[in-house]
Amino acid sequence: MRTLWNVLAILVLMAIAGTGVVYAQIFIDPQSPFNPFPPPTLPATLAIPSWTPTYRQLPATWTATYIPQTVTVTKTLNKAWTPTVPTVMGGEGTKTPYAIPTWTRTPTITLSPTITHTPSNTPIPSSTPRPTNTPRPTDNLTLTYLAQMSIQNSLTAQAMTQQVAQIYQRQTYTAQTATAAFLPTSVMWTQTSQARTWTAQANQSASQTAAASTAQTQTAAALYLTQTAAAIPPNPSGVVETSHGATSGQWQNFNDPTFRWNRVVGAESYDVYFGPLDNGESVTVNLPQSEPYIFYTPAPFNRPSDGETWYLRIRTCGPGGFKQSWQTYFVFKYDTTLPTNPSLSSSGGAVSGSWQKAETAPTFTWSGASDPAGIAGYYVYFGTDSGGTSSSFQSAASYAPSTPIANGIYYLRVRAMDNAGNQAADWVTLFADYRVDNTVPPTPNVNSVVCTPAACDWVTHSVTHSTPDFDWDDVSDPAGPTESGLEGYYLNWGTSSNPAANTTVWVTDSFCTYPSTEMVEGVAYYIRLKSKDAAGNESAWTNFLSVIYKP
């Protein structure tokens, strides 16, 4: 049995080794017959003719030798020149570039891959026309050039540039044009940079070539931009977040947005950047054109972390690989940190556990809540439930109960919420046992007032004892959840019918020995009462009772 397993192990190792050999062969030569998915055959590389000028002293006559070269060109110089101003992009305004005259050539031009040009220093014969270093273009120069370029949209920027160079190499009137120096290896095709890129390369070419080629190279750049700029579709519009209705620039507590924008006529696809850089240009995803909207939902691995701000940037990709400038469409702020609750700063004079009247209702203020996204406001509960909650939301860090407040014992509770919609972990009680009693206690029953030891004859207004004791029925105002309870009585006593001239005393029981001195015989005395509860509410005064001491 062990031998069988050894044989199987050897077979597995041989299979792994064979697979590695096949993989290495495919890696080294993708066109290997072992590769089931070989790469497509690349198009033939465009060959740009080159030449090497050699200057030497020759006799009075000149002889130009082209090895090998077969060119049949009929050139007609139009001597009437009218400048045409092509539009150059990049925010640099309108420029008048150098241009070359129009020409007429036979349909077939055959160029050899290599041209060796040996000119003499003898001037070109007068029979061969030669333009000046600063030629003036004809009216139809731009249209003629664009028609002759015949650049297909499927070509890359490098191939397009080579086509421009070939056209100028074939059609130029001077043998000193070195347009090969004009070829860029990479070009950023954006509205803001392409004009400056071509101009910089044309200027660099000018320092390496003759003056005649400088004007033609610059003209090629201007004409090429005129053609390609019009072919780039604009960037999209109508970018919105659809899954949660988020607003750009505001904090959110979700990180799985879905963005949507309107399709752009002529666009092929869209480069999308969604990341933490406000000027980011790395492509997160390339979305194809669709009808009538384009949707983008970031992948789970490409979403912001807690407390981060990310930017949605888009550019339109047009035919031929040309692309618009990057544009920022949405600022996405993500926060899931729970805010901290505040603490009470001021109770406005309220005292916990003490009964008070509603008209003295205070304004409660608080502070100390915090969150990375900022505090949006607070849910506030004010009621008789010690664990109560509410859906009432406010941005202010204060609360003033409305007056009058119904009798009871109240609690002020709050819960903070941040700008991303995150709420604090739980409610917090900022003020407890706020007791309110705004009910006036009953007025004492004046008819229950009696005096001892001698009876008071309120009918005849006489008393037979000079120091009577007064007694009356208790007022019913019991203490409870909504009532503060009776605290005592005020008694007003004296010889004047004007209460202000008499003496008022505070008694906590319905019994009073009064007056402290003996009554004067034959003098009328007046007495009245009112009650007061623990919250400070007072009843109305009773009517006066009068009595005269008659021994």
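If you're wondering where the values come from, they're calculated on a predicted model, not measured in any experiment.

## Details of the overall build of the protein chain
- Counting secondary structure elements, the protein chain contains five helices and 27 strands.
- Scored against the burial criterion, the 551 residues of the protein chain give a buried share of 41%.
- Put simply, of all contacts in the protein chain between residues at least 6 apart along the chain, 69% involve residues at least 24 apart.
- Of the accessible surface of the protein chain, which amounts to about 28800 Å², a share of 55% is contributed by carbon and sulfur atoms.

## Quick notes on the pattern of salt bridges
- Within this structure, the stated rule accounts for six salt bridges.
- In this structure, D271 engages R315 in a salt bridge whose closest nitrogen and oxygen atoms are separated by 2.9 Å. On the criterion of sequence distance, the pair formed by D271 in strand β6 (residues 269-275) and R315 in strand β9 (residues 309-317) is long-range, its members being 44 residues apart. The burial state of D271 is the same as that of R315; both residues are buried.
- A salt bridge links K530 to E538; its shortest N-O distance comes to 2.8 Å.
- Three or more residues are tied together by salt bridges with common partners; here these are D271, R315 and K323.

## Quick notes on the sheet that holds strand β20 (residues 456-457)
- On the basis of which strands lie adjacent, the open sheet formed by six strands has the order β20-β21-β27-β26-β23-β24 and mixed pairing. The open sheet terminates on both sides in strands that have one partner only, identified here as β20 and β24 (503-507).

## Description of the side chain of R415
- By the secondary structure assignment, R415 is in strand β17 (residues 408-418).
- Put simply, R415 is tucked away with no salt bridge, and the nearest opposite charge, on D426, sits 5.5 Å away.
- Polar side-chain contacts of R415 include one of 2.7 Å to the backbone oxygen of A424.
- Only 3.3 Å separates the side chain of R415 from the backbone oxygen of A425, close enough to count as a polar contact.
- Sequence-distant contacts of R415, defined by excluding residues within four places in its chain, comprise N341, G377, Y378, Y379, Q423, A424, A425, D426 and W427.

## Let's talk about the sheet that holds strand β11 (residues 343-346)
- What the three strands build is an open sheet, ordered β11-β13-β16; its pairing is antiparallel. Bordering the open sheet on either side are β11 and β16 (398-399), each of which pairs with just one other strand.
- By the bridge criterion, three bridges tie β11 to strand β13 (residues 364-367) in an arrangement that is antiparallel. Directly across from L344, in β13, lies its bridge partner W366.

## Thoughts on the packing of aromatic side chains
- This structure, assessed with the given rule, holds 21 aromatic pairs.
- An angle of 70° between the planes, with centres 6.4 Å apart, marks the rings of Y293 and F295 as edge-to-face.
- For F295, a relative accessible area of 47% corresponds to the partly exposed category.
- Considering the side-chain rings of Y490 and W506, the 4.8 Å spacing of their centres and the 55° angle between planes classify their relative orientation as tilted. Pair noted here: Y490 is in strand β23 (residues 486-494) and W506 is in strand β24, with a separation of 16 residues, a long-range link.
- A relative accessible area of 35% places W506 in the partly exposed class.
- Above the ring of W541, the side-chain terminus of R528 is found at 4.0 Å from the ring centroid.

## Comments concerning the environment of Y296
- Here Y296 is to be found in strand β8 (residues 293-296).
- When its relative accessible area of 4% is taken as the criterion, Y296 is described as buried.
- Y296 has contacts with P257, T258, F259, W261, V272, F274, T284, V285, L287, N302 and L312, leaving out every residue within four places of it along the chain.
- Engagement of the side chain of Y296 in a polar contact is seen with the side chain of N302, the distance being 3.4 Å.

## Describing the environment of D256
- The residue D256 is located in the loop between β4 (251-252) and β5 (259-262) in this model.
- A C-alpha to C-alpha distance of 9.1 Å links D256 and P304, two positions 48 residues apart in sequence.
- Ignoring any residue separated from it by four or fewer positions in sequence, one finds D256 in contact with S243, H244 and R303.
- Of note is the side chain of D256, whose polar atom sits 3.2 Å from the side chain of H244.

## Details of a nonpolar patch on the surface
- A cluster of nonpolar side chains, M1, L4, W5, V7, L8, I10, L11 and M14, forms an exposed patch at the surface whose accessible area comes to about 870 Å².
- Turning to its location among the elements, M14 is positioned in helix α1 (residues 2-28).

## Side note on the side chain of T542
- On the secondary structure map, T542 appears in the loop between β26 (524-533) and β27 (545-549).
- Since its relative accessible area comes to 8%, T542 is described here as buried.
- Not counting residues within four places of it along the chain, the set of residues in contact with T542 comprises T443, P444, V446, R528 and L529.

## Quick look at the environment of N537
- Mapping N537 onto the fold places it in the loop between β26 and β27.
- Once the C-alpha coordinates of N537 and S484 are considered, the two residues, 53 residues apart in sequence, prove to be 9.4 Å apart.
- Apart from residues lying up to four places away in sequence, N537 is in contact with K357, D437, N438, T439, V440, P441, S531 and K532.
- Polar side-chain contacts of N537 include one of 3.4 Å to the backbone oxygen of T439.

## What about the confidence of the model for the protein chain?
- A residue-level look at the protein chain finds 63% of positions with pLDDT of 70 or above and a mean pLDDT of 74.
- Per-residue pLDDT stays below 50 along residues 73-128; that stretch engages in 139 contacts with residues further than four places along the chain or on separate chains.

## Examining unusual backbone geometry
- In this model, E291 is joined to P292 through a cis peptide bond whose omega is -20°.
- Position of P292 relative to the elements: it lies in the loop between β7 (285-288) and β8.
- Its identity as a non-glycine residue notwithstanding, D433 has a phi of 60°, on the positive side.
- Along the chain, the position of D433 falls in strand β18 (residues 428-436).
- With relative accessibility at 18%, the residue D433 sits in the buried group.

Conventions and cut-offs
Every chain is numbered independently, its residues counted from 1 as its sequence is written. With the structure being a predicted model, the display of local features is reserved for residues of pLDDT at least 70 and the display and counting of side-chain atom pairs for 80 or more, all residues being used for whole-chain, interface and lining totals. The side-chain quantities take in all heavy atoms of the structure and omit both hydrogens and water. The numbering of helices and of strands both runs from the N terminus, where a helix is a DSSP run of H or I of at least 4 residues and a strand a run of E of at least 2. Exposure categories follow from relative accessible area, calculated using a 1.4 Å probe and restricted to protein chains: below 20% of the type maximum is buried, above 50% is exposed, and the middle band is partly exposed. By definition in these notes, contact holds between two residues if any of their heavy atoms fall within 4.5 Å. Each accessible area is a Shrake-Rupley estimate made with a 1.4 Å probe; only the visible protein chains count as cover when residues are assessed. Put simply, a salt bridge is a Lys or Arg side-chain nitrogen that is within 4 Å of an Asp or Glu carboxyl oxygen. Think of it this way: DSSP has to see at least two bridges between two strands before they count as a pair. In this tally, Lys and Arg are treated as positive and Asp and Glu as negative; His is ignored, and so are the chain termini. Whenever a nitrogen or oxygen atom comes within 3.5 Å of another N or O atom, the pair is scored as a polar contact, on the condition that within protein one atom can donate a hydrogen and the other can accept it, and that pairs from neighbouring residues in sequence are kept only if both atoms are in side chains. Any two rings among Phe, Tyr and Trp, with Trp reduced to its six-membered ring, count as a pair given centres within 6.5 Å; such a pair is stacked if its planes are under 30 degrees apart, edge-to-face if over 60, and tilted if neither. By the criterion adopted, a ring carries a charge over it if an Arg CZ or a Lys NZ lies within 6 Å of its centre and within 35 degrees of its normal. Here, patches come from residues exposed beyond 30% relative accessible area and free of salt bridges, joined within 9 Å for like charges and within 5 Å for nonpolar side chains (Val, Leu, Ile, Met, Phe, Trp, Tyr). As a per-residue measure, pLDDT reflects the predictor's confidence and takes values from 0 up to 100.

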